[in-house]
Amino acid sequence: MHLKYIAYFFFIATFGIMSQELPPIKNFLPKEYHGENQNWAISQSGDKIIYVANSKGLLAFNGASWKLYPSPNETIMRSVHVIDGRIYTGCFMEFGYWQKNNLGILDYTSLSQRANIDLVEDEEFWNIISLDNYLVFQSLRRIYIYNADNGHINTIDSDNTITKMFMVNQSIYFQRMGEGIFKVEDGKDILIFDDAVVKDDEVINIFQNKNELLVLTQNNGFYSSSDDSLVKSKFSSNEFLSSLSFYDGIRLKDQSFVLGTISKGLIYLDEYGELIYRIDQNNGLLDNTVLAIFEDAEKNIWLGLDNGISYLNTNVPYRVFKDNKGVVGSVYASKVHNGDLYLGTNQGLYYKDLKGENAYSFIEGTQGQVWSLKEIDGTLFCGHHSGTFIVNGYKANKIANIQGTWDIASINSDYNRLLQGNYDGLYVLEKSNNSWKLKNKIQGFNNSSRYFETLGNKIFVNHEYNGVFQIKVDSSFTQVENVAIDTLIKGSNSGIIKYKGDLLYSYKKGIFKYNAITQEFVKESLLSNAYSEDEYESGKMIIDEKDNILWVFTNSNISFVSPSGVSNEPTIKSIPLTKEMRYGILGYENITRLNDDGIYLVGTTSGYITININALINEDFEVHIGEVINGSIEKHGGFLDKTLNGSFNNDQNNIEISFYTPEFNKFLITNYQFQLKGIYDKWSAWSENSTSSFENLPYGDYTFNVRAKIGNTISKNIASYSFNVKKPWYISNVMLATYLLGLLMFYLIIHNMYKRHYRIQREKLITKKEREFKLSQVQNEKEIIRIKNEQLKLEFKNKSKELAASTMSIVKKNELLTTIKKELNAIKKDAPVKPIINIIDKNLNRNDDWEFFQEAFNNADSGFLQKMKNLHPNLTPNDLRLCAYLRLNLSSKEIAPLLNISARSVEVKRYRLRKKMALLHEKSLTDYILNL
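Residues numbered from 1 in each chain as written. Predicted model: local features only at pLDDT ≥ 70, side-chain atom pairs only at ≥ 80, totals over all residues. Heavy atoms only, no water.

1. Here's the deal with the overall build of the chain
Point 1. Within the chain, the secondary structure is distributed over 14 helices and 65 strands.
Point 2. The C-alpha radius of gyration of the chain comes to 58 Å, more than 25% above the 30 Å expected for a compact globule of 932 residues.
Point 3. Considering only C-alpha atoms, the chain reaches an extent of 200 × 95 × 55 Å along its principal axes.
Point 4. The buried share of the chain, taken over its 932 residues, is 48%.
Point 5. Of the contacts formed within the chain by residues at least 6 apart in sequence, a portion of 48% connects residues at least 24 apart.
Point 6. Counting only carbon and sulfur atoms, one obtains 49% of the accessible surface of the chain, whose full area is about 46600 Å².
Point 7. Each charge sign in the chain was given a centre, from 103 positive and 107 negative side chains, and these centres are 22 Å apart. (Helix = DSSP H or I, 4+ residues; strand = E, 2+ residues; numbered from the N terminus. Rg over C-alpha atoms; globule rule 2.2 N^0.38 Å. Buried < 20%, exposed > 50% of the residue type's maximum accessible area, 1.4 Å probe, protein only. Contact = heavy atoms within 4.5 Å. Areas by Shrake-Rupley, 256 points an atom, 1.4 Å probe, with all protein chains shown as cover. Lys, Arg positive; Asp, Glu negative; His and termini not counted. Charge placed at Lys NZ, Arg CZ, Asp CG, Glu CD.)

Structure, rendered in structure tokens:
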């Protein structure tokens, strides 16, 4: 027995560094739940809200936010128990219940004060149990049995300390220190066990175990009932448990045990008492002292700690190996080989028995960065910063000393010749005499070859900064014959892989397939559905060759492509693990199949996560409206009844609505999406925020809708709250009626004003028309005068024409007479011709033509001759006559016959006339006369 005890002591001492794959743990610090450090009890309501008895009061957690209700007398709250919508609590000198009012706020009712009973001095209530219609409250000195039907209270007093109270098979048990374990029957206490162990050691809990009672003690492990006494339990772990000190312990629905220790964390046992795992601060808990344990409706285990609150997701398909001490490091590669699990990390290569619980062992000689683990034809190869290893059990043999082996692959299914990518290019490994050795480097290519694939005698090397190299090599894979590079597709964290005979390339634009005919990559429409450009995280692709699954990593999921069972067409499924939750190494993501049960290992920056893809179930859930607050309403602090439609004044148009989904999952984050119909009809973007605020809403009717998404599953319901914002007073119905009446009165006033206006306008119009008539008469008279003037002008024009005609007639006549005279003068002078010549001279020198011309000229251009006389008084009648001819713009040649002189003489007259008028030399005489 002593050796067994030593073995268990060694086990517990080393358990913290063993390969425990634990349920996901979510922790809450006091600053997150707004309470004190210590949490004494936990319970859950029918609507899944978690309630915690905290040193500061009652904590309520709805999955989205914490709310603190201070204890009624500002003392430490020690106990909480929810039954039928009431949250019963106990604290110092006080016990009672909380219940939600129509505003969604908890109101407290004191039962201890209502019963009007005298409490024991300095009494605190540590436990609450419900049984039928009774509520049982336990302090250290008394038990109160409260009848919920009639409010009557019975008590059981004790001189010794009552440590705890337990319910087993609808019976209530409790312990009195120094006396033993008692059972409550018909309101009386009956001693059941008075063994020394239960007199001296505190009983933590009592369980029904088949036909016997199983008693957990604080310092001595488990005891079983045998007849009327207690004996040490036969649990194999009992000696180990006896070395610990427990504060709380419960039995789960699956009959396993969860025990909370003082300073040693949490112990998890199976139903037979075998130790499954231990959780403490080294592997995830906030604190090592567990004050309270509770299993919720979805089998999550809640822990009230001495400093904080935690819960464990025991019913999810995920388990976590977290290397908090940094022993293993970041996992870059993993592989199951010959029943062992190997981890390639940034610190070296580790292994352990896949099915065992032993710790990971380091393989000597592999210290440093491991890049890859590859099993080819039964041999496990390790790509390492320092070279290439072959791994066999716990030994690693270096076969190539070339630094920086990224990856290793077969050459066109030739398992006797392998291709490996290194920091400085490509190398060939060859199997000879059943051993592997480095054969040669492929000359002519020196780029880093992290991702590569072979296709015939071509090698495709993906370089995320340069593009995809297409390298043609000779048949012996020793020399590069040609290198081409596709620069159209390239991107950070891109990847290349061969899947089902197709060469695939992935980057942010999607997944592309190589077309051997056109020798280019073409987008593969179906596989590209694995992620959108916004969801792109890494182009790293991994193939599980046994299940023919292609794995892809995105921002919000790990997606896998697998052929369907009927059509063999690929289908895409997603595991809702975001990049934040999986703690991956960007560009070095890795996933490995562990067994045939669908369990896969995903490497993280400090260990790994295991996923059971066969247990991924999208369970239905609901979203709820939490609180509706209108800060402009003073009553009830602005809290509103969310079950009723709200109606607010126009100045109460700021509203805040909270919502929640009471689902507790470490890895699946709840996101919410809302709309406010009436103003924002489109759904918002998905967000973790569980509160929406709307300010300065215009008047109208509104409906707020919200839905939730956990992982890839959307809530089965849409939670709603409807309300309306009233119109401002100035456009209320009464005011609108007032406006209508005022408008009618205004219309009548305007109508009368218009009538008066139109009457005045009509009178003005009549007056205007009369005036216009008179003006018309005047205008007509003016028009008559104008017509007369026009007639006069016409007469003047006619007279001018007559003047011109007469002038031309005189000119023609005089020219004719002059011509005849010239002809006659040419005849010999004799008596018969001379009288004719005299007659002609007489006619040429007659003033009758001038007088006729002068009269016509004055009719046409009256005042000209007088004006000339006034301007130039020294002008003779002949000068005025010449001026009149010049006024008609006649030339010297035309004027000469009119004066019966030669044209030369006319020029002389013009010269003399200029002198009389004193005209400058450069000024034209004709222009001067025409412009007067």
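2. Focus on the pattern of salt bridges
Point 1. In total, this model carries 24 salt bridges according to the counting rule given.
Point 2. For the salt bridge of Lys-67 with Glu-627, the shortest nitrogen-to-oxygen distance reads 3.6 Å. Of the two residues, Lys-67 is situated in strand β5 (residues 66–70) and Glu-627 in strand β57 (residues 624–629); the sequence distance between them amounts to 560 residues.
Point 3. Judged by its relative accessible area of 17%, Glu-627 is buried.
Point 4. Here the salt bridges share partners, and the residues they tie into one network are Asp-544, Lys-546, Asp-547, Arg-593 and Asp-596. (Salt bridge = Lys/Arg side-chain N within 4 Å of Asp/Glu carboxyl O.)

3. Topic: the sheet that holds strand β43 (residues 458–463)
Point 1. Across the sheet, four strands lie side by side as β42-β43-β44-β45; this open sheet has antiparallel pairing. Edge positions in the open sheet fall to β42 (451–455) and β45 (480–486), since each of these has one partner strand only. Neighbour to neighbour, the strand axes of the sheet diverge by 20° on average, direction disregarded.
Point 2. Of the strand pairs in this sheet, strand β44 (residues 467–473) and β45 are connected by six bridges, and their pairing is antiparallel. Bridge assignment links Phe-469 to a residue of β45, and that residue is Ile-485. (Pairing = 2+ DSSP bridges. Axes fitted to C-alpha atoms, helices over the stretch in contact; angles between N-to-C directions.)

4. Focus on a nonpolar patch on the surface
Point 1. A surface patch of nonpolar side chains, amounting to about 530 Å² of accessible area, comprises Leu-741, Leu-744, Met-745, Tyr-747 and Leu-748.
Point 2. Relative to the helices and strands, Leu-744 is located in helix α7 (residues 733–826). (Patch = residues over 30% accessible without salt bridge, like charges linked within 9 Å, V, L, I, M, F, W, Y side chains within 5 Å.)

5. Overview of the packing of helix α11 (residues 877–887) against helix α13 (residues 903–917)
Point 1. At a closest axis distance of 11 Å, the pairing of α11 and α13 adopts a crossing angle of 105°. The angle between α11 and α13 falls in the class roughly perpendicular. Here Asn-878, Asp-879, Leu-882, Cys-883 and Leu-886 of α11 come into contact with α13, specifically with Lys-909, Arg-910, Leu-913, Lys-916 and Met-917. (Parallel < 35°, antiparallel > 145°, perpendicular 65-115°, else oblique.)

6. With respect to the sheet that holds strand β26 (residues 290–295)
Point 1. Here four strands make up an open sheet; going across it, the order is β1-β28-β27-β26 and the pairing antiparallel. Across the chains shown, the open sheet's two edge strands, defined by having one partner strand only, are β1 (25–28) and β26. Across the sheet, the axes of successive neighbouring strands diverge by a mean angle of 20°, strand direction being ignored.
Point 2. Pairing geometry for strand β27 (residues 301–305) and strand β28 (residues 308–312), over five bridges, is antiparallel.

7. Concerning the side chain of Asp-201
Point 1. Of note, Asp-201 is situated in the loop between α4 (196–200) and β18 (203–209).
Point 2. Comment: no salt bridge for buried Asp-201; closest opposite-charge side chain is Lys-232, at 7.7 Å.
Point 3. Of note is the side chain of Asp-201, whose polar atom sits 3.0 Å from the backbone nitrogen of Asn-219. (Polar contact = N/O pair within 3.5 Å; in protein donor to acceptor, adjacent residues only side chain to side chain.)

8. Comments concerning the packing of helix α10 (residues 864–871) against α11
Point 1. Between α10 and α11, the shortest axis-to-axis distance is 10 Å and the interhelical angle comes to 125°. Compared by their axis directions, α10 and α11 come out oblique. Of the two possible hands of crossing, α10 and α11 adopt the one that is right-handed. Note on element contacts: α11 touches α10 through Leu-880, Cys-883, Ala-884 and Arg-887, opposite Phe-864, Leu-865, Met-868 and Lys-869.
Point 2. Its residues assigned to classes, the contact of α10 with α11 shows six nonpolar, no polar and two charged. (Left-handed = near helix turned anticlockwise from the far one by under 90°. Nonpolar A, V, L, I, M, F, W, Y, C, P; charged D, E, K, R; others polar.)

9. Focus on the side chain of Thr-379
Point 1. Considering the arrangement of structural elements, one finds Thr-379 in strand β35 (residues 379–384).
Point 2. Residue Thr-379 is classed as buried on the basis of its relative accessible area of 18%.
Point 3. Once you skip the residues sitting within four places of it in the chain, Thr-379 turns out to touch His-337, Lys-374, Ile-390 and Trp-436.

10. Focus: unusual backbone geometry
Point 1. One non-glycine residue with positive phi stands out, namely Glu-74, at about 60°.
Point 2. If you trace the backbone, Glu-74 turns up in the loop between β5 and β6 (77–83).
Point 3. Look at Asn-889: it is not a glycine, yet its phi comes out positive at around 65°.
Point 4. Locating Asn-889 in the fold gives a position in the loop between α11 and α12 (892–899).

11. So, the environment of Asp-681
Point 1. Structurally, Asp-681 can be placed in the loop between β61 (670–677) and β62 (691–694).
Point 2. In this structure the C-alpha to C-alpha distance between Asp-681 and Thr-703, which are 22 residues apart in sequence, comes to 9.6 Å.
Point 3. Filtering out sequence-adjacent residues up to four positions away, Asp-681 remains in contact with Gln-675 and Leu-676.
Point 4. Of the polar contacts made by the side chain of Asp-681, one reaches the backbone nitrogen of Gly-678; its length is 3.1 Å.

12. Brief notes about the pairing of strand β12 (residues 142–147)
Consecutive side chains along a regular strand alternate between the two faces of the sheet.
Point 1. For β12, a buried count of six out of six residues is recorded, marking the element as mostly surrounded by other parts of the structure.
Point 2. Where burial is concerned, the two faces of β12 agree: the one with Arg-142, Tyr-144 and Tyr-146 and the one with Ile-143, Ile-145 and Asn-147 are both buried.
Point 3. Two strands pair when backbone bridges link them, and strand β11 (residues 134–139) and β12 are joined in this way by five bridges, in the antiparallel orientation. Note on β12: the bridge partner recorded for Tyr-134 is Asn-147.
Point 4. Remark: two residues form the turn of the hairpin made by β11 and β12, two consecutive strands paired antiparallel.
Point 5. In this structure, β12 lies alongside strand β13 (residues 153–157), joined through five bridges in antiparallel fashion. Bridge pairing links Tyr-146 to Ile-153 in β13.

13. What to know about α10
Point 1. Of all the positions in α10, only Phe-864, Leu-865 and Met-868 are classed as buried. Projection of α10 onto a plane perpendicular to its axis shows the buried side chains occupying an angular sector of 100°, all on one side. (Arc of directions from axis to C-beta.)

14. Quick notes on the confidence of the model for the chain
Caution applies to low-pLDDT parts of the model: their predicted coordinates are not meant to be read in detail.
Point 1. Residues of the chain with pLDDT of at least 70 account for 91%, and the chain-wide mean is 89.
Point 2. This stretch, residues 1–17, has a pLDDT under 50; its non-local contacts, to residues over four places away or in other chains, come to 17 contacts. (pLDDT = per-residue confidence, 0-100.)

15. Looking at a positive patch on the surface
Point 1. Taken together, Lys-755, Arg-756, Arg-759 and Arg-762 make up a surface patch of like positive charges.
Point 2. Mapped onto the elements, Arg-756 comes out in helix α7.
Point 3. Overall, the relative accessible area of 52% leaves Arg-756 in the exposed class.

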